[in-house]
Amino acid sequence: KQDSIGNDTEFNVKSRFESLGVFLPANVQKMNDRIASMTNPPMFDLGAITGIKETRVANDDEDSLHLAIQAAKDALKRSKYKPGDLDVVISCSISRYVDGPAHNNLFEPPLSLFIKNELGAPQAMHFDVSNACAGMFTGVLLLDRMIKAGVAKTGLVVSGEHITHISRTAVKEIRTATDPQFGSMTVGDSAAAVIMDQTTDENEGIDYLELMTCSEYSRLCIGMPSNENPGPALYTINAEMHKKDRIQLWPNYQMDYYKSKQADIKTEKFDYVVHHQVGLKAVSNFNRYGSEYFQFQLPDPLNILEETGNTSTTSHFLVLHKALKDGTLKKGMKVLLVPAASGVVTGFLSLKISNLGV
């Protein structure tokens, strides 16, 4: 028995975003300046195509761990919970830099151990997850299931992304208009965190969240050491990644979910959609191709691209933060969040906004 898609009335428990925190480094890099630093600048206007005017770049002492801790503290500042109340801490970043200027990659112990100890939450269960740009969605999904199962009552999902290293590699190595490192030119550093808890209020929280990996497309976006210089690089075949049939893996999956629940997207009445922030044209295509598949006009997408670029795992949460701060999103509104990550990972999250102050 269900009172809305995905919610069991027998237990009437679901999860919600109780508070939301972000951290953006103070350093701003204009897209025009990044392009000007290229060894082989393109003949086209990358800023105009992507809609990105600037990105944030971390200082040498602002490693992935530092960024994540700042966002977590920002979330706690707005939460009714103290660090000692947290049952779980989940770290979800792709980048795992620690030790400030040394930028050492740390895989064990997990970043979540350092985060919970720095926050003053030694009692919390902790673990890291890695799922490309869908990392925070994966952390949210796991915590959502833990809350529904009664394993946890409160928890923190956090990511600190220090990823502009790949842009420094790209400006040196890009040679042609179809170079697979062009995607690296759009990235910015950031961090985001959400504290989640239980709710029985049907007017707030996560109604449903599902993720799917299509591993046959994993070759289309690969992060690895550069083939030419010291440092990391990201090689993305954008023409393949953003093909219509690739993008429509998402609405196909979501429509199958609705069919299993005897529902449809028309009755969901979403106020906005949030897509992965890869570029204005790409986001527009995501919405257009989704509308075509659903045979229903999706609401306008929310963006923060112009100010931050593509921030990987944190992008959707930065969009939510900005929309809440601007007053675009208000309590009671309903948002569809659609991840798009290397793997290829896709899915959907239906969120009703609660009292999220930013």
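Structure: see above.
One numbering rule holds for all chains: residues counted from 1, following each sequence as written. Residues qualify for local features only when their pLDDT is at least 70, as the model is predicted, and side-chain atom pairs are given and counted only at 80 or more; totals for whole chains, interfaces and linings, by contrast, use all residues. The side-chain numbers reported here are obtained from all heavy atoms of the structure, hydrogens and water having been left aside.

Peer 1: So what exactly am I meant to see when it comes to the nonpolar core here?
Peer 2: The nonpolar side chains of soluble globular proteins are, as a tendency, buried together. Grouping buried Ala, Val, Leu, Ile, Met, Phe, Trp, Tyr and Cys residues that are joined through side-chain atoms within 4.5 Å yields what is termed a nonpolar core. Whether a residue is buried, partly exposed or exposed follows from its accessible area with a 1.4 Å probe, protein chains only, as a fraction of its type maximum: under 20%, in between, or over 50%, in that order. By size, the foremost hydrophobic cluster in this structure holds 38 residues, and its most contacted members are F17, V140, V157, V194, M196 and L329. Every element with two or more residues in this core is listed here: β3 (14-23), β6 (88-91), α5 (135-148), β11 (190-199), β12 (205-213), α12 (315-326), β17 (334-338) and β19 (345-352). Secondary structure elements are taken from DSSP: a helix is a run of H or I of four residues or more, a strand is a run of E of two residues or more, and numbering for both begins at the N terminus.

Peer 1: Is there a simple way to think about the packing of aromatic side chains in this case?
Peer 2: Each aromatic ring pair is summarised here by two numbers: the centre-to-centre distance and the angle between the ring planes. Any two rings among Phe, Tyr and Trp, with Trp reduced to its six-membered ring, count as a pair given centres within 6.5 Å; such a pair is stacked if its planes are under 30 degrees apart, edge-to-face if over 60, and tilted if neither. Overall, the coordinates contain 10 aromatic pairs when judged by the stated rule. Measuring from ring centre to ring centre gives 5.4 Å for F44 and F182, while their planes differ by 50°; the resulting arrangement is tilted. Here F182 lies in the loop between α6 (165-173) and β11 and F44 lies in the loop between α1 (31-36) and α2 (46-50), a separation of 138 residues in the sequence. Between Y208 and Y257 the ring centres are 5.2 Å apart and the planes differ by 35°, which places this aromatic pair in the tilted class. Of the two residues, Y208 sits in strand β12 while Y257 sits in helix α9 (residues 249-260), which places them 49 residues apart along the sequence. Residue classification places Y208 among the buried positions, given a relative accessible area of 2%.

Peer 1: Teacher, can you tell me more about the packing of helix α3 (residues 64-77) against helix α4 (residues 111-119) here?
Peer 2: How two helices pack is summed up by the angle between their axes together with the distance between the axes. Geometry is summarised by axes, namely lines fitted to C-alpha atoms with helices restricted to the contacting stretch, and by angles between N-to-C directions that run from 0 to 180 degrees. Between α3 and α4, whose axes approach to 10 Å, the crossing angle comes to 45°. Relative to α4, the element α3 is oriented oblique. At the point where α3 passes α4, the crossing takes the right-handed sense. Between α3 and α4, the residues in contact are L65, A68, I69, A72, K73 and L76 and L111, F114, I115, E118 and L119, respectively. Gly falls in the polar group here, along with every residue not listed as nonpolar (Ala, Val, Leu, Ile, Met, Phe, Trp, Tyr, Cys, Pro) or charged (Asp, Glu, Lys, Arg). Split by residue class, the contact of α3 with α4 holds 9 nonpolar, no polar and 2 charged. Here the angle decides the label: under 35 degrees means roughly parallel, over 145 means roughly antiparallel, 65 to 115 means roughly perpendicular, and every other value means oblique. Helix crossings get a hand from a simple test, with the near helix turned counterclockwise from the far one by less than a right angle marking a left-handed crossing and a clockwise turn marking a right-handed one. The contact criterion used is simple: two residues touch if any of their non-hydrogen atoms lie within 4.5 Å.

Peer 1: Looking at this structure, how should I read the layout of surface pockets?
Peer 2: There is about 240 Å³ of room inside the second largest pocket. Mapped onto the lining of the second largest pocket, the elements with two or more residues apiece are β5 (54-56), α11 (305-308) and α12. Partitioning the lining of the second largest pocket into residue classes produces 4 nonpolar, 2 polar and 6 charged. Of the grid points, spaced at 1 Å and generated over the protein atoms alone, those admitting a 1.4 Å probe that cannot get out make up cavities, while open sets with protein on both sides within 12 Å along at least five of seven lines make up pockets; any residue with an atom within 4 Å of a point is treated as lining. Grid points are joined across faces, edges and corners, and a volume is the space filled by probe spheres set on the points.

Peer 1: I'm lost on the packing of α9 against helix α10 (residues 280-294) in this one. Help?
Peer 2: Across the interface, α9 lies against α10 with an axial gap of 9 Å and an inter-helix angle of 40°. Taken together, α9 and α10 sit at an angle that is classed as oblique. Viewed along their axes, α9 and α10 form a crossing whose handedness is right-handed. The residues of α10 that touch α9, namely those facing W250, P251, N252, Q254 and M255, are F286, G290, Y293 and F294. In terms of residue class, the contact of α9 with α10 is built from 6 nonpolar, 3 polar and no charged.

Peer 1: Please explain the pairing of β3 as it appears in this structure.
Peer 2: Along any regular strand, the residues point their side chains to alternate faces of the sheet. Extensive coverage of β3 is indicated by the burial of 9 of its 10 residues. One ladder, built from 9 bridges, connects β3 with β11; its direction is antiparallel. Along β11, the bridge assignment pairs K14 with T199. DSSP bridges decide pairing: two strands pair if at least two such bridges lie between them.

Peer 1: Is there a simple way to explain the pattern of salt bridges in this structure?
Peer 2: Side-chain pairing between opposite charges can occur once the charged atoms of the two side chains come close. In the sections that follow, a salt bridge refers to a side-chain nitrogen of Lys or Arg positioned within 4 Å of a carboxyl oxygen of Asp or Glu. If you walk through the whole model with that rule in mind, you get 22 salt bridges. Between K14 and D207 there is a salt bridge whose closest N-O contact spans 2.7 Å. Taken together, the residues span a long stretch of sequence, with K14 in strand β3 and D207 in strand β12 at a distance of 193 residues. D207 matches K14 in its accessibility class, with the two residues each being buried.

Peer 1: What's the story with the sheet that holds strand β10 (residues 154-161) in this structure? I'm lost.
Peer 2: Paired through backbone hydrogen bonds, the strands of a sheet run either parallel or antiparallel to each other. The 5 strands lie next to each other as β3-β11-β10-β6-β9, forming an open sheet whose pairing is mixed. The outermost strands of the open sheet, each flanked by one partner alone, are β3 and β9 (125-128). Strand-to-strand twist of the sheet, defined as the mean angle between neighbouring strand axes without regard to direction, takes the value 15°. Of the pairings in the sheet, the one linking β6 to β9 comprises 4 bridges and is parallel in character. Opposite V88, over in β9, you have M125 as the bridge partner. With respect to the sheet, α12 is in contact with β3 and β11, its orientation differing from that of β3 by roughly 85°.

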